[in-house]
Amino acid sequence: RWVQVSSEGKDHKVIRMIRSSSGGFWILGEFFETFTFQHIQLQASGTQAAFLMSLDQDGKALWAVTFSSSQDVFAKDLAMSSKGEIYLALNASQDVTWSSTVEEQKRFFPLKGRSGLVFNIETQGKVVSTPYLIESQPSSSGFGQIESLHFDAQANLYLCGSFNEGLWVNNQEIIKSS
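First things first, this report covers the structure right here in the doc. (Residues numbered from 1 in each chain as written. Predicted model: local features only at pLDDT ≥ 70, side-chain atom pairs only at ≥ 80, totals over all residues. Heavy atoms only, no water.)

**Notes on the packing of aromatic side chains**
Two aromatic rings are characterised by how far apart their centres lie and by the angle between their planes.
Move 1: The final tally for this structure, using the stated rule, is 8 aromatic pairs.
Move 2: An angle of 45° between the planes, with centres 6.2 Å apart, marks the rings of F31 and F51 as tilted. Of this pair, F31 sits in strand β3 (residues 25-37) while F51 sits in strand β4 (residues 40-55), and the two are 20 residues apart along the sequence.
Move 3: The exposure class of F31 is buried, given its relative accessible area of 1%.
Move 4: Its relative accessible area of 3% is what places F51 among the buried residues.
Move 5: Feature note: the residues F31, F35 and F51 constitute an aromatic cluster, connected by ring pairs. (Phe/Tyr/Trp six-rings, centres within 6.5 Å; stacked < 30°, edge-to-face > 60°. Helix = DSSP H or I, 4+ residues; strand = E, 2+ residues; numbered from the N terminus. Buried < 20%, exposed > 50% of the residue type's maximum accessible area, 1.4 Å probe, protein only.)

What follows is the structure, encoded as structure tokens:
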């Protein structure tokens, strides 16, 4: 019914778009340095950043959350559970900062190497809790990254990704390295 085109910013793309329970849309994407969509202006702290944006059913931008770092942040997937919970997956190599157009404070999450992060976002654009951290051995130069998210009918969250030198989730070893 509607088409929205962003006219400003150097390079940006949509990774995933899903319908919200209110009839609007959630959009997960990436942008390079700056991104403007309607009244929302986003700025990366490094080069490439990720964003989550909420649109109403008429395509009007409601809010956005930016995830950036001194190095690139890659948006990977977006999923909604049967309970309406929104989760997004990102991969990054350096500490990640996020900020929202609905809350002024910025938050910071330290990373020790190439890692995956899974965030739970409430419907008004606030990060609900500390993200899940998916990494290889925390003291190594290995990597853990996420490619996709999936919910089953009981709202259990599943992650698909790759790792080397063992798999750690929130500093707890899940699979030992060999």
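There is more to say, and it comes next.
**Overview of the environment of N156**
Move 1: For N156, the position within the fold is in the loop between β12 (144-151) and β13 (157-163).
Move 2: Overall, the relative accessible area of 37% leaves N156 in the partly exposed class.
Move 3: C-alpha of N156 to C-alpha of S81: the two residues are 75 residues apart in sequence and 7.9 Å apart in space.
Move 4: If near-sequence neighbours (up to four positions away) are discounted, N156 is found in contact with H150 and F151. (Contact = heavy atoms within 4.5 Å.)

**A closer look at the side chain of Q48**
Move 1: Checked against the element boundaries, Q48 lands in strand β4.
Move 2: Owing to a relative accessible area of 17%, Q48 belongs among the buried residues under this scheme.
Move 3: Every residue in contact with Q48, bar those within four places of it in the chain, is listed here: E30, F31, F32, Q71, D72, V73 and F74.

**Examining the nonpolar core**
Move 1: Of all hydrophobic cores here, the largest spans 22 residues; its most connected members are F67, L78, L88, L90, F119 and I121.
Move 2: Secondary-structure elements contributing two or more residues to this core are β3, β4, β5 (61-68), β6 (73-80), β7 (86-92), β8 (96-100) and β10 (115-121).
Move 3: If near-sequence neighbours (up to four positions away) are discounted, L90 is found in contact with A50, F67, V73, F74, A75, K76, S115, G116, L117 and F119.
Move 4: With 14 residues, the next largest nonpolar core counts I27, L42, A49 and A61 among its residues. (Core = buried A, V, L, I, M, F, W, Y, C linked by side-chain atoms within 4.5 Å.)

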